[in-house]
Amino acid sequence: AGLKGAEIAASQGLSFCFAQFFQKRELPQAMEIYRQQFCPSQSLYQARASLAVRVICADTEKEAQRLASSFWQLVLAFQGSTQLHISPEGLLRIPLAEEVENYVYSERDYQFMRENELMMIAGNPTQVKERLIELAQLYGVDELIVLTICPDMNARLHSYQLLAQAFGLQSETDKLARRGNR
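Because the structure is a prediction, the values reported are computed rather than measured.

**Section: the overall build of the protein**
Then, in step 1: Of the regular secondary structure elements, the protein holds eight helices and six strands.
Then, in step 2: Secondary structure elements of the protein occur, N-terminal to C-terminal, as α-β-α-β-α-β-β-α-α-β-α-β-α-α.
Then, in step 3: Based on the C-alpha atoms only, the size of the protein along its principal axes is roughly 50 × 40 × 35 Å.
Then, in step 4: With 182 residues in all, the protein has 41% of them scored as buried.
Then, in step 5: Contacts in the protein between residues at least 24 apart in sequence constitute 67% of all its contacts with a sequence separation of at least 6.
Then, in step 6: Accessible surface for the protein amounts to roughly 10,700 Å². Of this, 52% is attributable to carbon and sulfur atoms.
Then, in step 7: Charge-centre separation for the protein: the mean point of 18 positive side chains lies 5 Å from the mean point of 21 negative side chains.

Okay, here's the thing in structure tokens:
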């Protein structure tokens, strides 16, 4: 949701989650609008906002970028720069990193990814944590909603575990990992 979403949520007295990954640039004014225009409701007496970000965290920046290449290939396919990947069932799918590792990015592709860097924050735990803290402070939120798009389930889980460790939430991811291994 963008600026209009902030206005609607505020007028209805609803919580608001700003999806940063749909925006080319930071739009902290969405939170300002939401907080300024918030009208308490029966279900929410004060403004409650969060920020949604798309993240891939890996042990190294190089590995994070390799994993993020699957996401970028999907986005670039929608831009017409490369082909869509279709499953045997005829469904659109995110390509595996191995499938796209030999793709030669054009200058247009690089420009698109630079202009849309907020669609995917990728890096090692320190880099990602620093960027997430910057965004949380910029938007004035205490809660981040993290979405990791990666076709490799183990890499996705590892990304969440690394983030949890970086933010001191390790015990929570241990619980999730144990639950997932049942």
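**Considerations on the packing of aromatic side chains**
Then, in step 1: For the structure shown, the criterion picks out nine aromatic pairs.
Then, in step 2: Ring centres of F71 and W72 lie 5.2 Å apart, and the angle between their planes is 70°; on these two criteria the pair is classed as edge-to-face. Neither residue differs from the other here; F71 and W72 are each classed as buried.
Then, in step 3: One aromatic cluster is present, formed by F16, F18, Y34, F38 and Y139 through successive ring pairs.
Then, in step 4: Directly above the ring of F167 sits K129, whose terminal nitrogen or CZ lies 5.5 Å from the centroid.

**Thoughts on the pairing of strand 2 (residues 49-57)**
Then, in step 1: Of all nine residues in strand 2, nine are buried; the element is thus mostly enclosed.
Then, in step 2: Burial along strand 2 is two-sided: the residues A49, L51, V53, V55 and C57 and S50, A52, R54 and I56 are all buried.
Then, in step 3: Across four bridges, the pairing between strand 1 (residues 16-19) and strand 2 is parallel. Residue F18 lies in a different strand from strand 2, and its bridge partner there is L51.
Then, in step 4: Bridge count for strand 2 against strand 6 (residues 144-147) is four bridges, and the pairing is parallel. Bridged to R54 within strand 6 is L147.
Then, in step 5: Pairing analysis gives three bridges linking strand 2 to strand 5 (residues 121-123), with the strands arranged parallel. Across the sheet, residue C57 finds its bridge partner in strand 5, namely G123.

About the criteria used
Residues numbered from 1 in each chain as written. Predicted model: local features only at pLDDT ≥ 70, side-chain atom pairs only at ≥ 80, totals over all residues. Heavy atoms only, no water. Helix = DSSP H or I, 4+ residues; strand = E, 2+ residues; numbered from the N terminus. Buried < 20%, exposed > 50% of the residue type's maximum accessible area, 1.4 Å probe, protein only. Contact = heavy atoms within 4.5 Å. Areas by Shrake-Rupley, 256 points an atom, 1.4 Å probe, with all protein chains shown as cover. Lys, Arg positive; Asp, Glu negative; His and termini not counted. Charge placed at Lys NZ, Arg CZ, Asp CG, Glu CD. Phe/Tyr/Trp six-rings, centres within 6.5 Å; stacked < 30°, edge-to-face > 60°. Lys NZ or Arg CZ within 6 Å of the ring centre and 35° of its normal. Pairing = 2+ DSSP bridges.

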